[in-house]
Amino acid sequence: SKHFRLTSKQRLNVRKEYEYKITNRQHNLRHISDVDGYIFKSEELLSATSYIDRLLGLCALTGRRSAEILTSAKFTVAGEDLFFEGQLKTKGRGDIGGYQIPVLTDPEVVVEGVARMRKERPDLVGNPPLAHTRTSKILSVKVKTHYQEYLGEKVIVRDLRRAYGTLAYVLNDKRFEVAKQ
């Protein structure tokens, strides 16, 4: 029988590449300097006059992409969580359907916030390229205004998704511990 074998040099290269990937992933994690402040700021933004500010709050509290919230997301309350449909990036898997996500605030508030935004900006619903064109520059500026205190001065919109991932993981872990008792 034939076996697939790497030379010692090839093994070293594979190991180095793997270590680089892991290190890179760890560097992509966002440290949140004040979790309570971060969540409070995000909730506060939900009642802002500017739909851009509200959009940032919704992104931070749900971990969804800004384009999803503006154009495709459908949220329904599922207990303490939300049922989410409308994921835009599916890595070639087509429509992946919906799934339950934890939320960092009252789920009803998110559903209402998205509905309000859709009423105000019906032109963006179902049109991700237009949503991107209309919002990307101002989102880049505003995310720094609202979140650099919590995520650092180089914060970008995508970091809200990363921060949500960290917080949702911790939230679910705590919920699991309570359920076990």
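Residues numbered from 1 in each chain as written. Predicted model: local features only at pLDDT ≥ 70, side-chain atom pairs only at ≥ 80, totals over all residues. Heavy atoms only, no water.

**Student:** Teacher, can you tell me more about the overall build of the protein here?
**Tutor:** On a plain count of helices and strands, the protein comes out with seven helices and three strands. Moving toward the C terminus, one meets the helices and strands of the protein in the order α-α-α-α-β-β-β-α-α-α. Residues classed as buried in the protein amount to 35% of the 181 residues present. Counting only contacts in the protein whose residues sit at least 6 apart along the sequence, the fraction spanning at least 24 positions is 59%. Accessible area for the protein stands at about 11,600 Å²; split by element, carbon and sulfur atoms hold 54% of it. (Helix = DSSP H or I, 4+ residues; strand = E, 2+ residues; numbered from the N terminus. Buried < 20%, exposed > 50% of the residue type's maximum accessible area, 1.4 Å probe, protein only. Contact = heavy atoms within 4.5 Å. Areas by Shrake-Rupley, 256 points an atom, 1.4 Å probe, with all protein chains shown as cover.)

**Student:** How should the pattern of salt bridges be read in this particular structure?
**Tutor:** For side chains of opposite charge, pairing can occur when their charged atoms come near one another. Per the stated rule, a full pass over the model turns up eight salt bridges. Glu120 serves as the salt-bridge partner of Arg116, at 3.1 Å between the closest nitrogen and oxygen. Residue Arg116 and its partner Glu120 are located together in helix 5 (residues 107–120), separated by four residues, close to a single helical turn. Given the relative accessible area of 36%, Arg116 is considered partly exposed. Take Glu120: its relative accessible area is 37%, and that puts it in the partly exposed class. Two residues, Arg162 and Asp159, come together in a salt bridge whose shortest N-O distance is 2.8 Å. Within this pair, Arg162 and its partner Asp159 are both found in helix 7 (residues 158–180), separated by three residues, close to a single helical turn. A relative accessible area of 26% places Arg162 in the partly exposed class. Overlapping salt bridges bring together Arg54, Arg116 and Glu120 as one network. (Salt bridge = Lys/Arg side-chain N within 4 Å of Asp/Glu carboxyl O.)

**Student:** Honestly, the packing of helix 3 (residues 51–62) against helix 6 (residues 128–151) in this entry has me stumped. Any pointers?
**Tutor:** The relative placement of two packed helices is expressed as an angle between their axes plus a distance between the axes. Where helix 3 meets helix 6, the closest approach of the two axes is 10 Å, and the angle between their N-to-C directions is 70°. Put simply, helix 3 runs roughly perpendicular to helix 6. Considering only the axes of helix 3 and helix 6, their crossing is right-handed. Of the residues in helix 6, those touching helix 3 at Tyr51, Ile52, Asp53, Leu55, Leu56, Gly57 and Ala60 are Arg134, Thr135, Ile138, Leu139, Lys142, Val143, His146 and Tyr147. Looking at side-chain class alone, the contact of helix 3 with helix 6 contains nine nonpolar, three polar and three charged residues. (Axes fitted to C-alpha atoms, helices over the stretch in contact; angles between N-to-C directions. Parallel < 35°, antiparallel > 145°, perpendicular 65-115°, else oblique. Left-handed = near helix turned anticlockwise from the far one by under 90°. Nonpolar A, V, L, I, M, F, W, Y, C, P; charged D, E, K, R; others polar.)

**Student:** Looking at this model, I keep getting lost on the pairing of strand 2 (residues 81–85). Mind explaining?
**Tutor:** Moving residue by residue along a regular strand, the side chains alternate between the two faces of the sheet. Relative to strand 2, strand 1 (residues 74–78) runs antiparallel, the two sharing five bridges. If you follow Thr76 over to strand 2, its bridge partner there is Phe83. In sequence, strand 1 turns back onto strand 2 through a hairpin of two residues, with Gly79 there showing a positive phi of about 70°. Where strand 2 meets strand 3 (residues 99–101), three bridges bridge the pair, whose relative direction is antiparallel. Following the sheet pairing, Phe84 is matched in strand 3 by Tyr99. (Pairing = 2+ DSSP bridges.)

**Student:** How should a negative patch on the surface be read in this particular structure?
**Tutor:** On the surface, Glu43, Asp106, Glu108 and Glu112 cluster together into a negatively charged patch. Tracing the backbone shows Glu43 in helix 2 (residues 35–45). When its relative accessible area of 33% is taken as the criterion, Glu43 is described as partly exposed. (Patch = residues over 30% accessible without salt bridge, like charges linked within 9 Å, V, L, I, M, F, W, Y side chains within 5 Å. Lys, Arg positive; Asp, Glu negative; His and termini not counted. Charge placed at Lys NZ, Arg CZ, Asp CG, Glu CD.)

**Student:** Looking at this structure, I do not really get the side chain of Ser42. What am I missing?
**Tutor:** By the secondary structure assignment, Ser42 is in helix 2. Filtering out sequence-adjacent residues up to four positions away, Ser42 remains in contact with Gly57, Ala60, Leu61 and Tyr147.

**Student:** I would appreciate a short explanation of the sheet that holds strand 3 in the present structure.
**Tutor:** One key point about sheets: their strands pair by backbone hydrogen bonds, in either a parallel or an antiparallel sense. As summarised here, the arrangement of the three strands in space is 1-2-3, forming an open sheet in which the pairing is antiparallel. Here the strands that pair on one side only, and so sit at the sheet edges, are strand 1 and strand 3. Each strand of the sheet is rotated relative to its neighbour by a mean of 35°, with strand direction disregarded. Strands strand 1 and strand 2 of the sheet are contacted by helix 5, whose axis makes an angle of about 160° with strand 1.

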